[in-house]
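Given next are the chains, with one letter for each unit.
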Amino acid sequence: MTSSHAGPAPVDPVALALPFAPESAAVARHRLRDWLDALGAGLDQLDDARLLVSELVGNAVRHARPLADDTLQVAFDRHESALAIAVTDGGSVTAPRRVDSSVSDLSGRGLSIVETLASSWWVESTRSRTTVHAVLSLT
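First things first, this report covers the structure right here in the doc. What you are looking at is a predicted structure, and each value in this text was computed from that prediction instead of being measured.

Some details on the nonpolar core
So, point 1. L32, V57, V74, F76 and L83 are the most contacted members of the largest nonpolar core, which totals 30 residues.
So, point 2. Put simply, the parts of the chain that give this core at least two residues each are β1 (14-19), α1 (24-39), α2 (43-63), β2 (71-79), β3 (82-89), α3 (110-117) and β5 (130-137).
So, point 3. Here the element with the most residues in this core is α2; it accounts for eight residues.

Concerning the side chain of Q45
So, point 1. Mapped onto the elements, Q45 comes out in helix α2.
So, point 2. Classification of Q45 as buried rests on a relative accessible area of 16%.
So, point 3. When residues no more than four places from it in sequence are discounted, the contact partners of Q45 are L136, S137, L138 and T139.

What to know about the pairing of β5
So, point 1. For β5, a buried count of seven out of eight residues is recorded, marking the element as mostly surrounded by other parts of the structure.
So, point 2. Looking at chain direction, strand β4 (residues 120-125) and β5 are connected through six bridges and run antiparallel. Each residue of the ladder has a partner; that of W122, found in β5, is H133.
So, point 3. Linking two consecutive strands that pair antiparallel, namely β4 and β5, is a turn of four residues.

Side note on the pattern of salt bridges
Oppositely charged side chains are able to pair whenever their charged atoms sit close together.
So, point 1. Throughout the structure, instances matching the rule amount to one salt bridge.
So, point 2. Here D34 makes a salt bridge to R33, at a shortest N to O gap of 3.2 Å.
So, point 3. The class of R33 is partly exposed, set by a relative accessible area of 26%.

Quick notes on α1
So, point 1. Compared with an ideal rise of 1.5 Å per residue, which puts 16 residues at 22 Å, α1 spans 22 Å between its outermost C-alpha atoms and is within 8% of the ideal.
So, point 2. For α1, the complete set of buried residues consists of S24, A25, A28, L32, W35, L36 and L39. Along the axis of α1, the buried positions cluster into a sector of 95°, meaning they face one direction only.
So, point 3. Against the buried residues of α1 lie β1, α2, β2 and β3.
So, point 4. Backbone geometry just downstream of α1 places G40 in the positive-phi region, at approximately 80°.

Procedures and definitions
Residues numbered from 1 in each chain as written. Predicted model: local features only at pLDDT ≥ 70, side-chain atom pairs only at ≥ 80, totals over all residues. Heavy atoms only, no water. Core = buried A, V, L, I, M, F, W, Y, C linked by side-chain atoms within 4.5 Å. Buried < 20%, exposed > 50% of the residue type's maximum accessible area, 1.4 Å probe, protein only. Helix = DSSP H or I, 4+ residues; strand = E, 2+ residues; numbered from the N terminus. Contact = heavy atoms within 4.5 Å. Pairing = 2+ DSSP bridges. Salt bridge = Lys/Arg side-chain N within 4 Å of Asp/Glu carboxyl O. Expected span 1.5 Å × (residues − 1). Arc of directions from axis to C-beta.

See the structure below:
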């Protein structure tokens with residue numbers, strides 16, 4: 001029996017529990033690249049998505065605490081023509097927010113980059129965790 005289904009095969013969402021360490025940004029980038037390749041995403045979208053996940057993981061490791069099991073969670077999923085990325089950590093004393101950084105500043109541009117690349121981004125927080133969501137258009 002043959003299928004009349006056209007287009008790429010569906011790709012399941014990904015949820016990763018990664019060590020709460022800077023090296024996890026590279027792991028998340030590689031997993032996201034492989035997943036987007038399976039979706040048939042274009043090179044521009046791939047680069048933007050990898051930069052987004054790197055910034056979100058990097059911000060979590062620099063500014064927050066790990067989850068109770070010493071990890072952070074990274075998830076990505078496709079919703080119609082958009083990529084949803086979420087990074088969850090154990091929270092911080094301050095809420096994630098975009099700051100205005102000067103050209104000479106060595107840090108502080110992470111959420112400005114996220115805001116520039118993503119069609120939307122937002123934060124959900126509870127007492128024990130914070131999740132930063134970003135949505136990237138795939139069209």
